[in-house]
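The lines below spell out each chain.
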Amino acid sequence: MDDIVHAIAIFENIALQEGAQNIRRQFIKRVDAFTLSDKDFIRNFRLSKGLVHRLIDMLSPYMTEPTRSSALDIPSKVLVSLNFFATGSYQLPTGNGIYSSISQSSVSRALNEVVNALNVSDIFHTWVKYPLNFQELRQLREEFFQKFNFPGIVGIIDYTHVAIFPPPTYDENYLEYIYVNRKNFHSINVQIVHVSRMKILNVSSLFPVSFNDAYVWNNCQLEPTLRLIHNHSSGYYLLGDSGYPLRPWLMTPLNHYEPNTPEERYNPRFKHVRSLVERCIGLLKMRFCCLLKHRVLHYSPIKASKIVNECTVSHNMCIENNKILPREDYIVQNNIDLGVYEPIRLEGNDIADDDLTAYMKSLTKNNS
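Since the structure is predicted, the reported quantities are computational estimates derived from the model, not experimental observations.

What follows concerns the nonpolar core. Counting 89 residues, the largest nonpolar core has Tyr130 and Trp217 as its most contacted members. For this core, the element with the highest residue contribution is helix 11 (residues 262-287), accounting for 9 residues. Counting only domains with at least three residues in this core, you end up with domain 1 (1-119) and domain 2 (128-342). The residues contacting Trp217, other than those within four sequence positions of it, are Ile157, Gln191, Leu222, Glu223, Leu226, Leu238, Tyr244, Pro245, Trp249 and Leu250.

The following block contains the structure:
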């Protein structure tokens, strides 16, 4: 009799477990994100509907088509990934959203596939590239001069920290302690070169934060390019802060100068123009909140670097198509200046453009 009671209890327990499993496997109806208004769509995914369709077309050749009826299609993978990058949330709540309704593991696989596809050279270097010839360089230099009255500039360079989860202490490939920055959190050092329209021309995100700005610059792919440009034709400069070395192709601010001299007049204009890169970095991080300090990327440094590249590509797509965040979210709540400058003239303390050009050449002639 006891054996019968025990057997019945076992069967009842199995039935309860199967019932619980059936409940967990219920699929929630997914809402089509493209039915959102344009404003709400940008708020959730940062890109407009047209740009998302364009992004899907670009990524499709490098992504896997679904082989099962229940598998995620490519548009769903792209939307899930964009929502994750835009909100800086975790994978589980991203999957639980009404526009996703998928498991955490499905979100993880979708993120991995989209990030890898966007880091393919054919796609990445289509949207993030430095000028390839002197015609493009001259056009870029002229654009800077027209907007800022500062001669010779073909880009502004700066770095920012992107917080990451500490690598395991036993990981020999990514030593944990070299990712600890001076503010005592783990991050990677991301170097950005941008132009006046907030477009990013170059990004380098492979280095731990313990490597300073000068080291990252001297070991990035852009440094020999600027050196080669200078060897063929002088008069093309990047602007960088005092953390970078002064070079004939890389201008830095002065720490000491006499009153009423060209040096004194050079510094205010330099700082005014260079501050634009900080606004660009702020715009990038506000558009893709996963890059913010308090939204730590829980990935290995190499994958975090790929995510930075992905966000840079999406950012440039928005810039080229004049897409900004909803005004009340972006400008009012965060009180952020979009960096739309008028040509500057420093009244009473200005310096003639020819004099400034001559001074910049004299400042760098001994640093070749």
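Using the criterion set out here, one finds 11 aromatic pairs in the structure. Where Phe144 meets Phe148, the ring centres are 5.6 Å apart and the plane angle is 40 degrees; that geometry is what we call tilted. Of this pair, Phe144 and Phe148 both sit in helix 8 (residues 134-148), 4 residues apart, roughly one helical turn. By relative accessible area, Phe148 is classed as buried at 0%. Taken together, the ring pairs in this structure connect Phe34, Phe41 and Phe45 into an aromatic cluster. Positioned above the aromatic ring of Tyr236, the side-chain terminus of Arg141 is 4.3 Å from the ring centre.

Turning to the state of the cysteines, a few remarks are in order. By definition, a disulfide links the sulfur atoms of two cysteines through a covalent bond. Using the criterion set out here, one finds 0 disulfides in the structure. Looking at Cys311, it has no disulfide partner, and the nearest cysteine sulfur is the one in Cys290, 3.8 Å off.

About the cut-offs
- Residues numbered from 1 in each chain as written.
- Predicted model: local features only at pLDDT ≥ 70, side-chain atom pairs only at ≥ 80, totals over all residues.
- Heavy atoms only, no water.
- Core = buried A, V, L, I, M, F, W, Y, C linked by side-chain atoms within 4.5 Å.
- Buried < 20%, exposed > 50% of the residue type's maximum accessible area, 1.4 Å probe, protein only.
- Helix = DSSP H or I, 4+ residues; strand = E, 2+ residues; numbered from the N terminus.
- Domains from an automatic or database assignment.
- Contact = heavy atoms within 4.5 Å.
- Phe/Tyr/Trp six-rings, centres within 6.5 Å; stacked < 30°, edge-to-face > 60°.
- Lys NZ or Arg CZ within 6 Å of the ring centre and 35° of its normal.
- Disulfide = S-S within 2.5 Å.

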